[in-house]
Amino acid sequence: MRIAVLGVGLIGGSIGRAARARIDDAVVVGFDPDTETMARAVGVGAVNRAVASIAEACEGAGLVVCASPVSGLVDLAREALSASGEDTVVTDVGSTKREIVTALGEDERFIGGHPMAGVETSGVGNAREDLFEGARWYLTPTGSSSGVLYDRLQRTVAALGARPQAIEAETHDRMMATVSHLPHVVANVLVSAAHAELSDDSERLPEVGPSFRDTTRVAGSNPAVWGDIFASNRDAVAEAIEAIGVRLQEAAELIRAGDRDAVAAWHAAAAEDRRRLLESDRGAGPLRELRVVVTNRPGTVAELALALGEAGVNIEDMALYPAPDMTSGAVSVWVSGAEQAQRAVGLIEGLGHSVSVLADGE
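Residues numbered from 1 in each chain as written. Predicted model: local features only at pLDDT ≥ 70, side-chain atom pairs only at ≥ 80, totals over all residues. Heavy atoms only, no water.

J.: What is the right way to look at unusual backbone geometry in this model?
T.: The phi torsion of most residues other than glycine is negative, and most of the peptide bonds are trans. Notably, asparagine 222 is not glycine yet its phi reads approximately 40 degrees, a positive angle. Positionally, asparagine 222 belongs in the loop between helix H8 (210–215) and helix H9 (223–232). (Helix = DSSP H or I, 4+ residues; strand = E, 2+ residues; numbered from the N terminus.)

Structure follows, in structure tokens:
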């Protein structure tokens, strides 16, 4: 499969390196407006070949990945769609999804994406083949999305080592505001407050502890990138800031009251909440195959994927089996463990589809 990567920085370059290493028939063609970046991408093995235009990159591609900064993604993806064939799936890797899905989600070939992977460094010189290993990769199909193209995209994402999960664009942005964007805001505010407070007390700033360094690790990182992200997701981020402000005020009142037991209980509850949030749902048990009988209509695969994703059921793999007359077919969905399989069956039947759990080798 020919994969076009438009924007060959850390993420785009890592996609290229992972695809070349992990997908047997992958040929990665790259385009970047910066010729030095493009030359370096070839040098580090992020692409098989560099081309001079978006149209040339998209010609004959089965998958096009738009990996520019958030502010330019809508225009880039729109140009990619114009240059791509009817059997090409176009995706992006932006940290916010509402804006681009609203603009392009009616085109069955466009499916938004967001890999939850990255490091403090940037640039194609830091691209890594294993960057996406075990990482969550959100996909935002709509009712217009082609089921065949969604299947191709999620299979490719899984082949790169990531864990695809469907999610509504609005839900994605609200969630990212809390778990991804807010930590950057808090880190920025904390270092600014600490600098102002400590600078007033002495000419020489004191050494800071490891907890401060850990908490503020992302402060000020990639200002241009984060300026775009905050602007794109401004309402959700502002609401998250206001919500945490209320919680900080509650914490201040709790600590000021001086009840050691209450403070210790609050601290312990936070530790338990963190444990639950960081628990991996991998290894929940052996894979179970669910065979779902569906009618051949637009949005069916997206409907299934979104329903399961929103319920916390992770699709480890998926395959489509259309009937010869193309009026109906089956979708096989693999999930981990009996508990997730049982939950998935209930959800799928609730959508009006017939589903069966297949035994090994069936």
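J.: Got a minute to help me understand the packing of aromatic side chains in this structure?
T.: To describe a pair of aromatic rings, one takes the distance between the centres and the angle between the planes. Under the counting rule described, the total for this entry stands at two aromatic pairs. With centroids separated by 5.4 Å and ring planes inclined at 45 degrees, the aromatic side chains of tryptophan 226 and phenylalanine 230 adopt a geometry described as tilted. Taken together, the residues span about one helical turn, with tryptophan 226 and phenylalanine 230 both in helix H9 at a distance of four residues. A residue is classified by how much of its surface remains accessible, and tryptophan 226, at 12% relative accessible area, is buried. The class of phenylalanine 230 is partly exposed, set by a relative accessible area of 23%. (Phe/Tyr/Trp six-rings, centres within 6.5 Å; stacked < 30°, edge-to-face > 60°. Buried < 20%, exposed > 50% of the residue type's maximum accessible area, 1.4 Å probe, protein only.)

J.: Before we go on, may I ask you to explain the pattern of salt bridges in this structure?
T.: Charged atoms that come close allow side chains of opposite charge to pair. For the structure on display, the rule yields twelve salt bridges. Among the ionic pairs, glutamate 56 bridges to arginine 49, the shortest N-O distance being 3.9 Å. By relative accessible area, which is 32% here, glutamate 56 ends up partly exposed. Under the relative-accessibility criterion, arginine 49 is labelled partly exposed at 39%. The salt bridge involving arginine 275 is made with glutamate 272; its shortest N-O contact spans 2.5 Å. Taken as a pair, arginine 275 and glutamate 272 lie in helix H11 (residues 260–278) at a separation of three residues, close to a single helical turn. (Salt bridge = Lys/Arg side-chain N within 4 Å of Asp/Glu carboxyl O.)

J.: Any chance you could explain the pairing of strand E7 (residues 136–140) here in plain terms?
T.: Side chains on a regular strand alternate between the two faces of the sheet. In terms of burial, E7 is a largely internal element, five of the five residues being buried. Along E7, one buried face is formed by Arg136, Tyr138 and Thr140 and the opposite face, lined by Trp137 and Leu139, is buried too. As paired strands, strand E6 (residues 112–115) and E7 are joined by four bridges and run antiparallel to one another. Residue pairing across strands places proline 115 opposite tryptophan 137, the latter belonging to E7. Bridge analysis of E7 against strand E8 (residues 163–166) gives four bridges, and the strand direction is parallel. What sits directly across from leucine 139, in E8, is alanine 166. Following the backbone out of E7, through helix H6 (residues 147–159) and into the adjacent parallel E8, one traces a crossover that is right-handed. (Pairing = 2+ DSSP bridges. Right-handed = clockwise from strand over helix to strand, strands pointing away.)

J.: Please explain the sheet that holds strand E3 (residues 49–50) as it appears in this structure.
T.: Strand pairing in a sheet takes place through backbone hydrogen bonds and is either antiparallel or parallel in direction. An order of E3-E2-E1-E4-E5 is seen for the five strands of this open sheet, with the pairing classed as parallel. Both outer strands of the open sheet, E3 and strand E5 (89–92), are each paired with one neighbouring strand and no more. Pairing of strand E1 (residues 2–6) with strand E4 (residues 63–66), which is carried by four bridges, proceeds in the parallel orientation. In the sheet register, alanine 4 faces E4, and the bridge partner there is valine 64. Its contacts with the sheet put helix H4 (residues 73–83) on E1, E4 and E5, and the angle it makes with E4 is roughly 160 degrees. (Contact = heavy atoms within 4.5 Å. Axes fitted to C-alpha atoms, helices over the stretch in contact; angles between N-to-C directions.)

J.: For this particular structure, what's the right way to read the nonpolar core?
T.: Here is a general trend for soluble globular proteins: nonpolar side chains tend to be buried in one another's company. Ranked by internal contacts, the top residues of the largest apolar core, which has 53 residues, are Val8, Ile15, Trp137 and Tyr150. Non-local contacts of tyrosine 150, meaning those with residues more than four positions away in its chain, are made with Ile111, Leu139, Pro141, Ala166, Val301, Ala305 and Met318. Core analysis: the second largest hydrophobic core is formed by 26 residues, Cys58, Val70, Leu81 and Trp226 among them. (Core = buried A, V, L, I, M, F, W, Y, C linked by side-chain atoms within 4.5 Å.)

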